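Chain by chain, the residues run as shown.
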Amino acid sequence: MLDEKYVVDCPACGRVEGYLAGPTRLGNDPNEPDDAENVIDSEVFEGVHGPTSRVRCPKCGAWVPPDCVWPA
């Protein structure tokens, strides 16, 4: 199941709406919205100053900082 809708402010695509992926996404959940391909992936990685998070634009796949994402 996907969480609520969010907006990604992507430098390349502008504002793109999508859904944050839930902890388990099986792809066969009847509650998933029709545009489930607009899933916003997030990742935590080890940066120079410690763990850093980032999110992926569902349209072009570019990684953007988490402060460029907010609820729709």
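Look up: the structure comes first, before these words.
Residues numbered from 1 in each chain as written. Predicted model: local features only at pLDDT ≥ 70, side-chain atom pairs only at ≥ 80, totals over all residues. Heavy atoms only, no water.

S.K.: How do you make sense of the overall build of the protein chain when you look at a structure like this?
M.R.: For the protein chain, the count of helices and strands is zero helices and seven strands. The helix and strand sequence of the protein chain, counted from the amino end, reads β-β-β-β-β-β-β. Counting all 72 residues of the protein chain, 28% fall into the buried class. Summarising the internal contacts of the protein chain: among those between residues at least 6 apart in sequence, 35% fall at separations of at least 24. (Helix = DSSP H or I, 4+ residues; strand = E, 2+ residues; numbered from the N terminus. Buried < 20%, exposed > 50% of the residue type's maximum accessible area, 1.4 Å probe, protein only. Contact = heavy atoms within 4.5 Å.)

S.K.: Could you clarify how one ought to interpret the pattern of salt bridges in this entry?
M.R.: Pairing between side chains of opposite charge can happen when their charged atoms approach one another. Under the criterion given, the structure shown has two salt bridges. Among the ionic pairs, Lys 5 bridges to Glu 17, the shortest N-O distance being 3.2 Å. On the criterion of sequence distance, the pair formed by Lys 5 in strand β1 (residues 5-10) and Glu 17 in strand β2 (residues 14-20) is long-range, its members being 12 residues apart. A relative accessible area of 42% means that Glu 17 is categorised as partly exposed. In this structure, Glu 43 and Arg 54 form a salt bridge, with 2.6 Å as the shortest nitrogen-oxygen distance. With Glu 43 in strand β4 (residues 42-47) and Arg 54 in strand β5 (residues 50-56), this residue pair connects regions lying 11 residues apart in the sequence. (Salt bridge = Lys/Arg side-chain N within 4 Å of Asp/Glu carboxyl O.)

S.K.: I'm lost on the nonpolar core in this one. Help?
M.R.: Where a protein is soluble and globular, its nonpolar side chains tend to be buried together. Judged by nonpolar contacts, Tyr 6, Val 8, Cys 10, Val 16, Ile 40, Val 55, Cys 57, Val 64, Cys 68 and Val 69 together constitute the single largest core of 10 residues. Ranked by residue count, the leading element in this core is β1, at three residues. When residues no more than four places from it in sequence are discounted, the contact partners of Val 55 are Ile 40, Asp 41, Ser 42, Ala 62, Trp 63, Val 64, Pro 65 and Val 69. (Core = buried A, V, L, I, M, F, W, Y, C linked by side-chain atoms within 4.5 Å.)

S.K.: Explain the pairing of β2 to me, please; I cannot follow it from the model alone.
M.R.: On a regular strand, one side chain projects to one face of the sheet and the next to the other, so that they alternate. Sheet analysis places β1 next to β2, joined by six bridges and oriented antiparallel. In the strand pairing of β2, Val 7 is matched with Glu 17. Between β1 and β2, which pair antiparallel in sequence order, lie three residues. (Pairing = 2+ DSSP bridges.)

S.K.: When you look at the packing of aromatic side chains in this model, what are you seeing that I'm missing?
M.R.: Each pair of aromatic rings is reported with the distance of its centres and the angle of its planes. Applying the stated criterion to the full structure yields zero aromatic pairs. The ring of Phe 45 carries Arg 54 above its face, with NZ or CZ at 4.6 Å from the centroid. The cationic tip of Arg 54 hangs over the ring face of Trp 63; the distance from NZ or CZ to the ring centre is 4.3 Å. (Phe/Tyr/Trp six-rings, centres within 6.5 Å; stacked < 30°, edge-to-face > 60°. Lys NZ or Arg CZ within 6 Å of the ring centre and 35° of its normal.)

Note that every value here comes from positions in space, so none of it alone points to a role or purpose.
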